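Structure at a glance
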Amino acid sequence: MGMKDEFWEARDWVRDHLSHDKVGDVSGFETTIRSLGGLLSAYDLSGDKVFLEKADDLGAKLFKAYNTPSGLPKGSVNLKTGRAHNMNWNGNAYIVAEAATQQIEYRYLAKATGKEDYAKKSEKVFDILDKITPEDGLLFEKLKDGGENGATFITASKSSFGAMGDSAYEYMIKLYVQGGRKEEMYRKMWDKAMNGVHEQLLQKSTPNGLTYIADRLNGGRLDHKMDHLACFMGGSLALGAYTDPSGIDSSRAKRDLKTAKALTYTCYQMYARTQTGISPEFVKFSGGNDFIVPSSAPFYILRPEVVEAFYYLSVLTGDPIYREWGWEVFQSIEKYCKTKYGYGSLHDVNEPSMKPEDRMESFFLAETLKYLYLLFDPDSEIDILNKHVFNTEAHPFKIFNN
């Protein structure tokens, strides 16, 4: 973008003012993917050790969440005292998406600092999941430890590619890519889960046959809804297809790429069919017009997953339709979300006269705008097949060559 003066100004602020010494309780997951991931990506792209030093300091504080009997990281950690705990609202359980969406960051931090514990302890989460994942490969959203001999066990029966489940699957395929496509366990977990998706969760709407991924509830009953969050699967399925060990022309890769395209078309429709051209938090697949915007979730908090899918499919397939869709989405965001000093969330995507709220998540800058920018940047140095892997917050890291 050519904003080098602004970058160095920000670097100097990080060097002179950024401190985590007096910070209390934070989400280990959110702080890892946003703050730690951002610092590490800045180091990876610039080579400036200021970012690595600050990342190591933050990582050491966050990493105290891993001091548990099972090795699963607690959900919240106090950066000042090191005390960590899970959340009461969640029955003190571990959330699978949170525990399994920190490994890209800690593996990179281990490699950059030489402190192997960052990698070993974070990778143990997937060793645990690999042992307890059901035959269909579909993870359950809550875990507890303290079973027989301290074993980890499943404590909730919902499987979802939306909230609380989503990025655990994303990191299966991305850890495989980050490691140079050599760590078979991650690839096997991914392929097993994708078989489960196609056999159990993938559905078609009425009357137009839109493809979506349903949630599975207790007893195997399906909840025919799909979160905006689940639209990341368009990109991840495409990435999985193009990195398939059997090749892009294999039957499995063709299946996954076909689903990626169909799912992303549905996600585009989640935008195109509202009065603002912006998607709600989730849709329900019911009635006779494919899906509805439920009264419980008509809002949009500037989420990135749909434009993320556009970016992956645009880069990997070369199909210009994804830029067309991305441009439509960008124009709608500009029209309905832009404020004097930033961008705001929408309370109801079917109320175009309502003004945006005074709230902007950091992921709007880190992900939504970044993926839109990259979608229209044909000369980007980012290479998602051969050189880079994005963490779940869209911070790019170079893959490991050995």
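As a starting point, this report considers the structure included with it. (Residues numbered from 1 in each chain as written. Predicted model: local features only at pLDDT ≥ 70, side-chain atom pairs only at ≥ 80, totals over all residues. Heavy atoms only, no water.)

As a further point, take the sheet that holds strand β4 (residues 94–95). Across the sheet, 3 strands lie side by side as β4-β5-β6; this open sheet has antiparallel pairing. Both edges of this open sheet fall to β4 and β6 (153–154), since each of them pairs with a single strand only. Judged from the 2 bridges that link them, β4 and strand β5 (residues 142–144) form a sheet pairing that is antiparallel. Within the sheet, the bridge partner assigned to Tyr94 lies in β5 and is Leu143. (Pairing = 2+ DSSP bridges. Helix = DSSP H or I, 4+ residues; strand = E, 2+ residues; numbered from the N terminus.)

Let us look at the environment of Gln102. Note that Gln102 resides in the loop between α4 (96–99) and α5 (103–113). Considered as a pair, Gln102 and Leu36 are 66 residues apart in the sequence and their alpha carbons are 9.6 Å apart. With near-sequence residues (within four places) excluded, Gln102 lies in contact with Gly28, Phe29, Thr32, Tyr66, Pro73 and Tyr171. A polar atom in the side chain of Gln102 sits 3.0 Å from the side chain of Tyr66. (Contact = heavy atoms within 4.5 Å. Polar contact = N/O pair within 3.5 Å; in protein donor to acceptor, adjacent residues only side chain to side chain.)

Let us now look at the state of the cysteines. Here a disulfide denotes a covalent bond joining the sulfur atom of one cysteine to the sulfur atom of another. Enumeration over the complete set of coordinates arrives at 1 disulfide. The disulfide partner of Cys231 is Cys267, and the gap between their sulfur atoms is 2.0 Å. Between Cys231 and Cys267 the sulfur-sulfur dihedral comes to about -95 degrees; the bridge is accordingly left-handed. In this pair, Cys231 sits in the loop between β11 (225–227) and α9 (232–242) while Cys267 sits in helix α10 (residues 251–272), placing the two residues 36 residues apart along the sequence. Like Cys231, the residue Cys267 is buried in the burial classification. Cys337 takes part in no disulfide bond, and the closest cysteine sulfur to it belongs to Cys231, at a distance of 16 Å. (Disulfide = S-S within 2.5 Å. Buried < 20%, exposed > 50% of the residue type's maximum accessible area, 1.4 Å probe, protein only.)

The subject of this paragraph is the sheet that holds strand β1 (residues 25–27). Each strand in a sheet pairs with another by means of backbone hydrogen bonds, the pair being arranged parallel or else antiparallel. With antiparallel pairing, 3 strands are arranged side by side in an open sheet as β1-β2-β3. Each of the sheet's edge strands pairs with one partner strand only, and the pair in question is β1 and β3 (84–85). In terms of strand pairing, strand β2 (residues 76–78) meets β3 through 2 bridges, oriented antiparallel. Paired with Ser76 across the bridge in β3 is His85.

Throughout the structure, instances matching the rule amount to 29 salt bridges. Of the charged contacts, one joins Asp16 and Arg15 as a salt bridge, the two residues approaching to 2.8 Å between their closest N and O atoms. For Asp16, a relative accessible area of 48% translates into the label partly exposed. Among the residues examined, Arg15 registers a relative accessible area of 40% and is labelled partly exposed. Residue Asp191 is joined to Arg187 by a salt bridge in which the shortest nitrogen-to-oxygen separation is 3.1 Å. With Asp191 and Arg187 both in helix α8 (residues 184–201) and 4 residues apart, the pair spans about one turn of that helix. (Salt bridge = Lys/Arg side-chain N within 4 Å of Asp/Glu carboxyl O.)

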